[in-house]
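Commentary on secondary and tertiary structure
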There are 2 protein chains.
Amino acid sequence: MEARSQVTPATPPDPCDAFNRDCPGREVLDHLTSRWGLLILVGLQGGPLRFHELRTLIDGVSEKMLSQNLRTLVRDGLLSREVLPTVPPSVRYALTPLGADAAAPLETLLRWVKGNAREVVAAQTGHDAGAVTVPPQ
Amino acid sequence: MEARSQVTPATPPDPCDAFNRDCPGREVLDHLTSRWGLLILVGLQGGPLRFHELRTLIDGVSEKMLSQNLRTLVRDGLLSREVLPTVPPSVRYALTPLGADAAAPLETLLRWVKGNAREVVAAQTGHDAGAVTVPPQ
DNA sequence: CAGTATCCTGGGGGATACTG
DNA sequence: CAGTATCCCCCAGGATACTG
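Going along each chain's sequence as written, the residues are numbered from 1 onward. Here chains are named by letter from A upward and ligands by number from 1 upward, in the order in which they appear as written. Only residues with pLDDT of at least 70 are given local features in this predicted model, and only at 80 or more are side-chain atom pairs given and counted; all residues enter the totals for whole chains, interfaces and linings. Excluded from the side-chain calculation are hydrogens and water; included are all heavy atoms of the structure.

**What about the sheet that holds strand β1 (residues 49-50) of chain B?**
All names here are of chain B. With antiparallel pairing, 3 strands are arranged side by side in an open sheet as β1-β3-β2. At either margin of the open sheet sits one strand with a lone partner, and together these are β1 and β2 (79-84). One requirement defines pairing of two strands: DSSP has to find at least two bridges between them. Only DSSP runs of H or I covering at least 4 residues are called helices, and only runs of E covering at least 2 are called strands; the numbering of each starts at the N terminus. Two strands pair when backbone bridges link them, and β2 and strand β3 (residues 90-95) are joined in this way by 6 bridges, in the antiparallel orientation. When the sheet's bridge partners are listed, E82 is paired in β3 with R92.

**Some points on the protein's contact with DNA strand C**
Every one of the 17 residues lining DNA strand C counts as a neighbour, but A:R50, A:S67, A:R81, A:Y93 and B:K64 are closest to it. Proximity is defined per residue: any heavy atom of the residue falling within 4 Å of a molecule or strand makes that residue near it. Across the atoms of DNA strand C situated within 4 Å of the protein, the share located in sugar and phosphate is 60%. Distance and chemistry together define a polar contact, namely a pair of N or O atoms within 3.5 Å, with one atom able to donate a hydrogen and the other to accept it when in protein, and with adjacent residues in sequence counting only for side-chain atoms on both sides. A:R50 places a side-chain nitrogen or oxygen 2.8 Å from a phosphate oxygen of DNA strand C. Here A:R81 contributes a side-chain N or O atom positioned 2.6 Å from a phosphate oxygen of DNA strand C. Considering each element in turn, the surface near DNA strand C owes the most residues, 4 residues, to helix α4 (residues 63-75) of chain A.

**Here we look at the environment of B:L49**
All names here are of chain B. With respect to the helices and strands, the residue L49 is situated in strand β1. Along the chain, L49 and R92 lie 43 residues apart, while their C-alpha atoms are 5.5 Å from each other. Two residues form a contact once any of their heavy atoms are found within 4.5 Å. In this structure, L49 is in contact with G43, L44, L54, L57, V91, R92 and Y93, ignoring residues within four places of it in sequence.

**A few points about the protein's contact with DNA strand D**
Taken together, 17 residues sit near DNA strand D, with A:K64, B:R50, B:S67, B:R81 and B:Y93 positioned nearest. In this structure, B:R81 approaches DNA strand D through a side-chain N or O atom, which is 2.5 Å from a phosphate oxygen. Broken down by secondary-structure element, the contributors of at least two residues to the surface near DNA strand D are α4 of chain A together with α3 (51-57), α4 (63-75) and β3 of chain B. When residues in the surface near DNA strand D are grouped by element, the largest group, 4 residues, is from α4(B). Under the convention adopted here, Pro, Cys and the residues Ala, Val, Leu, Ile, Met, Phe, Trp and Tyr are nonpolar, Asp, Glu, Lys and Arg are charged, and Gly plus all remaining residues are polar. Split by residue class, the surface near DNA strand D holds 7 nonpolar, 4 polar and 6 charged.

**Details of empty space enclosed by the protein**
Of the grid points, spaced at 1 Å and generated over the protein atoms alone, those admitting a 1.4 Å probe that cannot get out make up cavities, while open sets with protein on both sides within 12 Å along at least five of seven lines make up pockets; any residue with an atom within 4 Å of a point is treated as lining. Grid points are joined across faces, edges and corners, and a volume is the space filled by probe spheres set on the points. Overall, the coordinates contain 1 cavity of 30 Å³ or more when judged by the stated rule. Space inside the largest cavity adds up to approximately 40 Å³. Forming the walls of the largest cavity are A:R26, A:L29, A:D30, A:T33, B:T33, B:S34, B:R35 and B:L38. No other element matches the 4 residues that helix α1 (residues 25-33) of chain A contributes to the lining of the largest cavity. Counted by class, the lining of the largest cavity contains 2 nonpolar, 3 polar and 3 charged residues.

**Thoughts on the interface of chain A and chain B**
Between chain A and chain B, the residue contacts involve 55 residues of the former and 55 residues of the latter. The term buried area denotes the loss of accessible surface (1.4 Å probe radius) that occurs when two parts are joined, taken as the sum for both partners. For the pair chain A and chain B, the summed buried area comes to about 4,900 Å², and 67% of that belongs to carbon and sulfur atoms. It is A:F19, A:R75 and A:W112 in chain A that bury the most area against chain B; as a group they hold 16% of the surface buried on that side. The term salt bridge refers to a pairing of a side-chain nitrogen on Lys or Arg with a carboxyl oxygen on Asp or Glu at a separation within 4 Å. Across the pair A:R21 and B:D59 runs a salt bridge, and its minimum N-O distance is 3.5 Å. The tally of links between chain A and chain B comes to 17 residue pairs in polar contact (both at pLDDT 80 or more). Counting residues per element, the side of chain A that touches chain B draws most heavily on helix α5 (residues 97-130) of chain A, at 21 residues. Considering only residue class, the side of chain A that touches chain B consists of 29 nonpolar, 11 polar and 15 charged.

**Describing the side chain of A:T33**
Relative to the helices and strands, A:T33 resides in helix α1. Each residue is assigned to one of three classes by its accessible area relative to the maximum for its type, calculated with a 1.4 Å probe on protein chains only: buried under 20%, partly exposed between the two thresholds, exposed over 50%. Classification of A:T33 by relative accessible area gives buried; the value is 7%. Those residues within four positions of A:T33 in sequence are excluded, and the remaining contacts are B:T33, B:L38 and B:L109.

Structure representation (structure tokens):
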């Protein structure tokens, strides 16, 4: 294994660039940036939450979508799922170390949006106003 | 207004939290994290590109989707679109300052995926192997 | 409480063809 | 070259109902 010095001196073994269609990163990226997946990951940064707590936190998500996304993220190794042996069963979802790692840039993104959404909306309306295809006479 | 001081003393004027369903940030977030939107923004970090250059860079995108996403991002004020008066018309897309600002966290995310996609894939296969519903025998 | 199952609809998104 | 228009399929995702 260490005899491979001739091929690529210092090139990191990363053929997994999302700009390529066959890269597995495409799928991972889709999970991370899916509308609900992103909010789940970031929402869990404050600590573990139960199903219904997540449902409450993430306004507008349906049970189906929440459940579906949770399963995907657990499968991806980004979340852990722990069933507590209480009488009404309760399940606790938490970020794995890998998930916490992924959540960080997502939170940065979310914060950017929070701070700049209004500016974007302003740009939209400005654009719509300026893009008059039919100049008045 | 000040008579309502009992409710929330020092609430920051940011009702635009993407965790709320009616927040305009939801839509902005969708544009930023859409499969092609993200790659366009990050792809333009190296400098302006023309339509077909983007099409080549972003493997697998159709002309329709590229065009559609470009229009959306221009409208959002994240990209600029400049038509050059050449004989075969050429169009140059570039990040606006706002767009460059947004692209930064997206690039961080993309780099994370690039570095950790394999680990996620490994988690997936491990999960699939462990989740044997029908024990062999 | 924490889901799964089923039905159904809108639109994301690909392929192809045409235009300025 | 840089798109727009059209057709069409598939599935994300909501609503509702049922289960352990």
